[in-house]
Amino acid sequence: EPEVTQTPSHQVTQMGQEVILRCVPISNHLYFYWYRQILGQKVEFLVSFYNNEISEKSEIFDDQFSVERPDGSNFTLKIRSTKLEDSAMYFCASSFSRISYNSPLHFGNGTRLTVT
Amino acid sequence: EDKVVQSPLSLVVHEGDTVTLNCSYEVTNFRSLLWYKQEKKAPTFLFMLTSSGIEKKSGRLSSILDKKELFSILNITATQTGDSAVYLCAVDGGAQKLVFGQGTRLTINP
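Below is a short write-up of the structure. Given the structure is predicted, the values throughout are model-derived calculations rather than measurements.

**Focus: the interface of chain B and chain A**
Contacts between the two partners involve 21 residues from chain B and, on the opposite side, 23 residues from chain A. Carbon and sulfur atoms supply 60% of the area buried between chain B and chain A, which totals about 1900 Å² over both sides. The three residues of chain B that bury the most area against chain A are B:Met48, B:Gln96 and B:Phe100, which together make up 34% of that side's buried surface. Connecting chain B to chain A are zero salt bridges. Linking chain B to chain A there are seven residue pairs in polar contact (both at pLDDT 80 or more). Breaking the side of chain B that touches chain A down by element, the ones donating at least two residues are strand 4 (32–38), strand 5 (43–49), strand 9 (85–92) and strand 10 (98–100) of chain B. Considering every element that reaches the side of chain B that touches chain A, the biggest residue donor is strand 4 of chain B, with four residues. Looking at the side of chain B that touches chain A residue by residue, the class counts come to 11 nonpolar, six polar and four charged.

**Points about the sheet that holds strand 1 (residues 3–7) of chain B**
All names here are of chain B. Read across the sheet, five strands follow the order 1-3-8-7-6 without closing on themselves; strand pairing throughout is antiparallel. Of all strands in the sheet, those bounded by a partner on one side alone are strand 1 and strand 6 (56–58). The sheet shows a mean angle of 15° between the axes of neighbouring strands, taken without regard to direction. Pairing of strand 1 with strand 3 (residues 19–26), which is carried by five bridges, proceeds in the antiparallel orientation. Paired with Val5 across the bridge in strand 3 is Ser24.

Quick notes on the rules
- Residues numbered from 1 in each chain as written.
- Chains lettered and ligands numbered in written order.
- Predicted model: local features only at pLDDT ≥ 70, side-chain atom pairs only at ≥ 80, totals over all residues.
- Heavy atoms only, no water.
- Contact = heavy atoms within 4.5 Å.
- Buried area = accessible area lost by both parts, 1.4 Å probe.
- Salt bridge = Lys/Arg side-chain N within 4 Å of Asp/Glu carboxyl O.
- Polar contact = N/O pair within 3.5 Å; in protein donor to acceptor, adjacent residues only side chain to side chain.
- Helix = DSSP H or I, 4+ residues; strand = E, 2+ residues; numbered from the N terminus.
- Nonpolar A, V, L, I, M, F, W, Y, C, P; charged D, E, K, R; others polar.
- Pairing = 2+ DSSP bridges.
- Axes fitted to C-alpha atoms, helices over the stretch in contact; angles between N-to-C directions.

This is how it looks when you write it as structure tokens:
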């Protein structure tokens, strides 16, 4: 069964550094998402992306964050000037169509980001 | 602000028991409710519910939605140790994003 793949599985970085989290969505999916889960807390929406532009973003997704689809297969999340509170599990997800068109999200295994 | 609340937060049962997990929501523009199972890493999709009163079933798991009372339940019969996981409920409020509940941690003891 096709799956969403994320790399790396674990990233450790120092405060103030920039990180790029990478995702390869399911190949025929058109909508892409990033969510994060701080340890012990809810899964939180960050951003959704369709047709090479952001379609929705949360209050968390400020100027520190950016997303890109640099080629036909990868979808990346860049976090600039990382802070301790950015430490979390970051999940990439994709869907074939809009959620409301009976198209559930499929999640990757996540990247655990630790900021020291 | 859209809100999803799950109960109980934690549940411990013996293998073979039947469990019911609850999810209530407050969403301005409800489109659908989804259930996911999260073991160690990726949430894996279980069910998507859009209509009231229609049960969705997959093996020992089933789920139903009540749009009048704004809740859903997930039932697991004849539980097995492999059912141990965090079960997540999420709602699509039409803004191309899911709002998640805090999850129910289910532990099945042999």
